[in-house]
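Residue strings, one per chain:
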Amino acid sequence: MKSSLVAVSVALVVAGLVTALKDRAAIQDMLGISTPSAAPQLMLMGRITGPDGLPRRPAGDLHAIADQIQAQIGAQATAAAPAPIDEQSQGEPAPATPAVIAQAQQQPAAQRPAPAAPAPQPAAPKVDESALRYFASRGDKARLQAEISRLQALYPNWVPPADPLAIPQGGDKQLEAMWQLYSEGRYAELRKAVADRQIAEPGWQPPADLLDRLDVAEARARLVNASDLKQYSTVVQIGATTPSVLTCADIDVLWRVAEAFVHTDRMQRAQDAYSYILKSCTNPQERLATIQKASALLPYAPMQILLGLERPDGNGGREFDSIRNDLARSFVAAGNGNPDLAVAPDYLTLVQRLAETQGLASDNLLLGWYHLRRENYADAEKWFRAARAKEDSAGASQGLALALIAQKKEQEAEDVMYKWRGDSKDATATYLAATANLMALQPPASIAEDVLSRMAAEVIAQKYVPTAQQFGWYARSLNQPQTAARWFETALRWKPDDEPSAYGLVITREQLNDRRGVAEVQRLWAGRSARIAQMGETSALTPQMQTPLPAPGQTLQPQQTQTYTPQVIAAPDPVSQAAAPRQRPAPAREDTGRQSMRSVSVNRGARQPRGCSTTVDPQLLDAGTALNRGWCLMDLNRPMEAVEAFEAALASPTRKVREDAAYGQSLAYLRAGLSNNAAVAATRAPQSRQRAAELQVSILSDRALAAFTAKRYRETLVYLDQRAQLQQERIDLMVLRGYCYLNLQMYGDAERIFNAAATVGSRDGYRGLADLKAATHPDAKQ
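Keep in mind that what you see is a predicted model, and the values were worked out from it rather than measured.

Definitions and cut-offs
- Throughout, a residue's number is its position along its own chain's written sequence, starting from 1.
- Since the coordinates come from a predicted model, pLDDT governs what is reported: local features require at least 70, and pairs of side-chain atoms require 80 or more to be given and counted, while whole-chain, interface and lining totals use all residues.
- Computation of side-chain values: all heavy atoms of the structure, hydrogens and water removed.
- Nonpolar cores are built from buried Ala, Val, Leu, Ile, Met, Phe, Trp, Tyr and Cys residues. Side-chain atoms within 4.5 Å join them into one set.
- When a residue's accessible area, from a 1.4 Å probe over protein chains only, is under 20% of the maximum for its type it is buried; when over 50% it is exposed; and in between it is partly exposed.
- Angular values range over 0 to 180 degrees, each being the angle between N-to-C directions of two axes fitted as lines to C-alpha atoms, with helices fitted over their stretch in contact.
- In this text, helices come from DSSP runs of H or I with a minimum length of four residues, and strands from runs of E with a minimum of two, each type numbered from the N-terminal end.
- Any angle from 65 to 115 degrees is called roughly perpendicular, while one under 35 is roughly parallel, one over 145 is roughly antiparallel, and all others are oblique.
- Should the near helix be turned anticlockwise from the far one by less than a right angle, the crossing is left-handed, and should it be turned clockwise, the crossing is right-handed.
- Contacts were defined at the residue level, with two residues in contact if any of their heavy atoms lie within 4.5 Å.
- Each salt bridge in this description consists of a side-chain nitrogen of Lys or Arg and a carboxyl oxygen of Asp or Glu lying within 4 Å of one another.
- Counting rule for disulfides: a pair of cysteine sulfur atoms within 2.5 Å.
- Counting of polar contacts relies on pairs of N or O atoms within 3.5 Å, with two restrictions inside protein: one atom must be capable of donating a hydrogen and the other of accepting it, and residues adjacent in sequence are counted only when both atoms are side-chain atoms.
- When residue character is reported, Ala, Val, Leu, Ile, Met, Phe, Trp, Tyr, Cys and Pro are called nonpolar, Asp, Glu, Lys and Arg charged, and the others, Gly included, polar.

A. Looking closely at the nonpolar core. Counting 52 residues, the largest nonpolar core has Ile291, Leu298, Leu306 and Phe331 as the members making the most contacts within it. Core analysis: the next-biggest nonpolar cluster, separate from the first, contains 39 residues, Ala396, Ile405, Met417 and Phe471 among them.

B. Looking closely at the packing of helix H10 (residues 251-263) against helix H11 (residues 267-280). Between H10 and H11, the shortest axis-to-axis distance is 7 Å and the interhelical angle comes to 160°. Classed by the angle they form, the pair H10 and H11 counts as roughly antiparallel. For the element pair H10 and H11, the recorded crossing hand is left-handed. Taking contact as the criterion, the partners of Ile251, Leu254, Trp255, Ala258, Glu259, Phe261 and Val262 in H10 are, on H11, Met267, Arg269, Ala270, Ala273, Tyr274, Tyr276 and Ile277.

C. Quick peek at the pattern of salt bridges. Summed over the entire model, instances satisfying the criterion amount to 35 salt bridges. Its salt-bridge partner being Glu659, residue Arg655 comes within 2.9 Å of it at the nearest N-O pair. With a gap of four residues between them, Arg655 and Glu659 both fall in helix H31 (residues 655-671), about one helical turn apart. With a relative accessible area of 52%, Arg655 lands in the exposed category. Glu659 sits in the buried class, given a relative accessible area of 17%. Bridged by salt links that share partners, the residues Glu310, Arg318, Asp321 and Arg324 form one connected network.

D. View of the state of the cysteines. Under the definition given, this model contains one disulfide. One disulfide in the model links Cys248 with Cys281; its S-S distance is 1.9 Å. Taking the torsion about the sulfur-sulfur bond, which here is approximately -85°, the covalent link between Cys248 and Cys281 counts as left-handed. Of this pair, Cys248 sits in the loop between helix H9 (232-241) and H10 while Cys281 sits in the loop between H11 and helix H12 (284-295), and the two are 33 residues apart along the sequence.

E. Examining the environment of His777 more closely. With respect to the helices, strands and loops of the structure, His777 is situated in the segment after helix H37 (763-776). With relative accessibility at 47%, the residue His777 sits in the partly exposed group. A distance of 2.9 Å separates a polar atom in the side chain of His777 from a polar atom in the side chain of Thr776.

F. Representation of the packing of helix H29 (residues 623-635) against helix H30 (residues 639-649) in the model. In contact at an axis separation of 8 Å, H29 and H30 are set at 160° when each is read in the N-to-C sense. Accordingly, the angle class assigned to the pair H29 and H30 is roughly antiparallel. Relative to H30, the crossing made by H29 is left-handed. Within the contact between the two elements, H29 uses Ala623, Ala626, Leu627, Arg629, Gly630, Trp631, Leu633 and Met634 and H30 uses Pro639, Glu641, Ala642, Ala645, Phe646, Ala648 and Ala649. When its residues are assigned to classes, the contact of H29 with H30 shows 12 nonpolar, one polar and two charged.

What follows is the structure, given as structure tokens:
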């Protein structure tokens, strides 16, 4: 019975070796590692493998192992076998008995079988048992059992010593000392001891097993050291040249190699490494730790593939259930950072259940930011309000304020953020964005004096130009031109190149009849703003007079004041960028000063004025005339009046007129800096492929400029990339891309872009190189 058990054990060991060989091929294939030599490889610190990491059997008692070996030898001795061969006459047959001789003599000579030639006996391989003796002397049961299994797999005819605990007397003390150095991890001393002995004893050679183990141990030490120093390319190189360390017996090495793949931009290889662990390794704690480590390094999609390798836990659940909640939170957080990532509904439902049952405000914030990034503002508002109810924090208030701004609830947003306005840069930016959008509402919002006072104090403290500019427009809407002029002047002191503020100042001074002030602004902005330069030209076209009473057959046109409402971004980056209104020129106000002081009557049925110098309600014109008037107004750089003319032309029953009107209205909105309106207008009538592409290019260019002005540099790069797919990038936009990289501290990309612009003679490219040098070498002499 014992012999049968021993035979079965040996068979299992051999089967384990074959399985390990297959595992080695799998990991080499997945990790892109070349095939090693067929020599046996030994894992560090007694983790022993054959050519591919033999699975380790459970360690037993040393005496039990000895009893098992003795039983195996006894069973083999009692089995039926030919007569034994005497050691002194090896190769000679045993003497025949008389009965056998007589039987042979009775047979005819022809029937007698020819004497069989003795079969050649293969030389028994010499087995290195030094490691076996060493582990037995140290009482290391686990390594002793692993070494026996390894030698049985490598040498099927090898029989272990009857008593592995019996160390031969007069053994090699120097070799035992070398094994001791290996066991203690003193590899450099071991190398020196081997070299010293080879010099002292020229014919002595160290056991191959010891050298193999030492090579693997040193490779592992180098790999771990490189990983600790974040030298990830070295980690991958060592793993490729020493695949013996890449086994489940040393899971930490596999983790380090997978991490190295991530940090060397080989995400697929990292996924393969983690997949190998989950497919091949069985330790539950190590499998759980593998998922935790992978979730901190891999994106959402590869993690779903790894989770597909999850196994049942034997209790009706799954093996990763203990970290399911944390995984769901991390996936939703990944969705917050990437608005294009669609997180599985199961994870959202799980986080929602956690938010409702565990009472953590952080879960509500995760859901709030997730919905905000996807423009689900009502849901975002609900979760941010729930978070504030649990814990009123700057993050919850900031998210709620952004959701309110997106829903045109700027007054409540200002009130929510005022308490937290100084908590962080993001909180300050969000509060100021709320003030700018509140001041820009049309019709103007009714704001309490105390709110106006605190907003003004904060704007002055922060020197925030957008809200200062909006204070100017707000004062103009309340017919307070002196106050408006002071706000525009303040905004220009903080930012002298702010063209919308300069335009607001010039039309306000014109309203105040300050001709000298108008001329001064025009002088300062000569060559930089066409609409500021043309202020006097367009106002002189119509006499300023008191509006007469309408005569019979006449229609008095109502006074129309064009207003500009800043565009609010959909959702900010919750980590680094708070919402801010887009700062654009305000061309819609180009005739505000003049129109606030005069109205013009128009005779119906009488002779129509030539051109478009007078004010006419375009709704009173036929579609063709309205279309021509729209183009005329575009020539005069009065885009918002042109928008109304094109709107009237859109009512034409003629398809061609509608196409031209939609095209013209899109161009007018683009000239006014309202790219979103331009995109909507372009869809109001079918456009030719050429026109559609032209409008798309212009809209993307406008959005890129607006995003750059608002310091949303990553968003700017997205728009520039989209535009580059439609049309080759212009030099000015190339320089804009370079400055985005510079502000994002991507200095290598910035240098490449600026150099490309400079090679074609762009002065902006040379200026960009100078700014790059100033940013990277601030102490260098110019």
